[in-house]
Amino acid sequence: MIEAVGLRKVYGKKVAVQDLSFTVRPGIVTGFLGPNGSGKSTTMRMIVGLDRPSAGQALVDGKPFAQHRAPLSTVGALLDAKAVHTGRSAHKHLLAMAATAGIPRSRVDEVIDLVGLGEVARKRAGGFSLGMGQRLGIASALLGDPSTVMFDEPVNGLDPDGILWIRNLMKELAGQGRAVFVSSHLMSEMALTAEHLVVIGRGRLIADESVKAFVDRVQPRGVTVRSPQAEQLRDLVAAEGGRLAAMDDGSFDVRGLSAERIGDAAARRGLPLHELTTVKASLEEAFMELTANAVEYQAHGPAGGGPLTVPGAPAPAREEVAR
Ligand SMILES: Nc1ncnc2c1ncn2[C@@H]1O[C@H](COP(=O)(O)OP(=O)(O)OP(=O)(O)O)[C@@H](O)[C@H]1O
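Residues numbered from 1 in each chain as written. Predicted model: local features only at pLDDT ≥ 70, side-chain atom pairs only at ≥ 80, totals over all residues.

An unreviewed UniProt entry lists the protein chain under the name ATP-binding cassette domain-containing protein, with Kineococcus halophytocola as the source organism. You can read under Sequence similarities (unreviewed entry) in the UniProt record for the protein chain the words "Belongs to the ABC transporter superfamily." (UniProt positions renumbered as here; feature names shortened; annotations may be inferred.)

Here it is as structure tokens:
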């Protein structure tokens, strides 16, 4: 379990993190999201004592990381996967780590199996692919069987197989009762992996809540409606003051009316509906909306002064047809 209490970090004049308090609970995956430069890595480094907070503190299982007698069994961290690229083999690298921390040799073979590096464990880790390096980083993090794991951008640069593997591993580690704290830029991936979110922008807390509560904070995108009587549906939407667009699959995208209002109006007119679904914002859309003012470096169009564009921004809304 991680507790950040009033964390603050200042580099010279730059305030990287301020007044940051949140909790990462055991048994679930907590996603750590924020635009570039918002302070995620700085926060993670403070949790494991690699950076000293300018104020506040980070506690792991109730005390600062540095005060734990068995640090590798307290937090397993993957902060920079490239850091484990070495001339030694993966096996030797892990053995050396285990020896220094008083961890039995048998655990080395266990974690090598767990991350699927059995066949290459005796090869020089310096020649590893990015995905293999990532697996070795995770093996190192899990060596001490830690109660908390913390991964900074673990799926960066991985292929779909690697991403799926990491996703399942995170869930498995949480299912074993560990606190799992993971940062990622990939919103769609976080939506599939995390149950809870800590979202920061410009070093400050924006949200510490479930993925569902975060997504529910923004307006639904619209309502998908399907009816065998399309013309009557068009009339109904126009009469209620909504807008409607025909979709390729025969359904209609209705904006400006809630599903309840459409359903009630259809019932009054005896209009059969075969589908009535509120389309919620995706995690990515919610993130873009709720962190719009917290993007540190805003990219503008070629002429300058254009609309804010951020990589991964949602596609423009579908063309709407007013009737
Ligand atoms: N050692 C340092 N010295 C000075 N400034 C730093 C240092 N480390 C980070 N910063 C600044 O602090 C802010 C937060 O950086 P940090 O790397 O924690 O953000 P991040 O959310 O992890 O970003 P990214 O998603 O791009 O990795 C940034 O403005 C960064 O430039």
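What about helix α3 (residues 90–101)?
Taking 1.5 Å per residue, 12 residues should reach 16 Å; α3 reaches 17 Å between its end C-alpha atoms and fits that length. Every buried residue belonging to α3 is among Ala90, His91, His93, Leu94 and Ala98, and all of these are buried. On an axial view of α3, the arc spanned by its buried residues comes to 165°, and they lie on one face. Those residues of α3 that are exposed and angled more than 90 degrees off the buried face are Ala99 and Thr100. Buried residues in α3 make contact with α4 (105–114) and α5 (130–142). Residue Gly102 follows α3 closely and has a positive phi angle near 70°. (Helix = DSSP H or I, 4+ residues; strand = E, 2+ residues; numbered from the N terminus. Expected span 1.5 Å × (residues − 1). Buried ≥ 20, exposed ≤ 12 C-beta atoms within 10 Å, placed from the backbone. Arc of directions from axis to C-beta. Contact = placed C-beta atoms within 7 Å.)

Here we look at the sheet that holds strand β1 (residues 2–11)
With respect to topology, three strands assemble into an open sheet ordered β2-β1-β4, the strand pairing being antiparallel. What marks the edges here is a single partner per strand, and that holds for β2 (14–24) and β4 (55–60). Adjacent strand axes in the sheet meet at a mean angle of 20°, parallel and antiparallel pairs treated alike. Inspection of the sheet shows β1 paired to β4 by five bridges, in the antiparallel sense. Its bridge partner being in β4, Val5 is matched across the sheet by Gln57. Across the sheet, helix α1 (residues 40–47) is in contact with β1, β2 and β4; its angle to β1 comes to roughly 120°. (Pairing = 2+ DSSP bridges. Axes fitted to C-alpha atoms, helices over the stretch in contact; angles between N-to-C directions.)

Focus on the site of the ligand
Taken together, the neighbourhood of the ligand is formed by Tyr11, Lys14, Ala16, Gly34, Asn36, Gly37, Ser38, Gly39, Lys40, Ser41 and Thr42. When residues of the shell around the ligand are traced back to their parent elements, those giving at least two are β2 and α1. It is α1 that provides the largest number of residues to the shell around the ligand, a total of three residues. Tallied by class, residues from the shell around the ligand come to two nonpolar, seven polar and two charged. (Near = placed C-beta within 6 Å. Nonpolar A, V, L, I, M, F, W, Y, C, P; charged D, E, K, R; others polar.)

Points about the nonpolar core
Within the largest apolar cluster, 72 residues are counted, with the highest numbers of intra-cluster contacts made by Ile47, Ile112, Ala139 and Val180. For Val180, the contacting residues outside a window of four places in its chain are Val29, Thr30, Val149, Met170, Leu173 and Ala174. Judged by nonpolar contacts, the second largest core, of 11 residues, contains Val225, Val237, Leu244 and Phe252. (Core = buried A, V, L, I, M, F, W, Y, C linked by C-beta atoms within 7 Å.)

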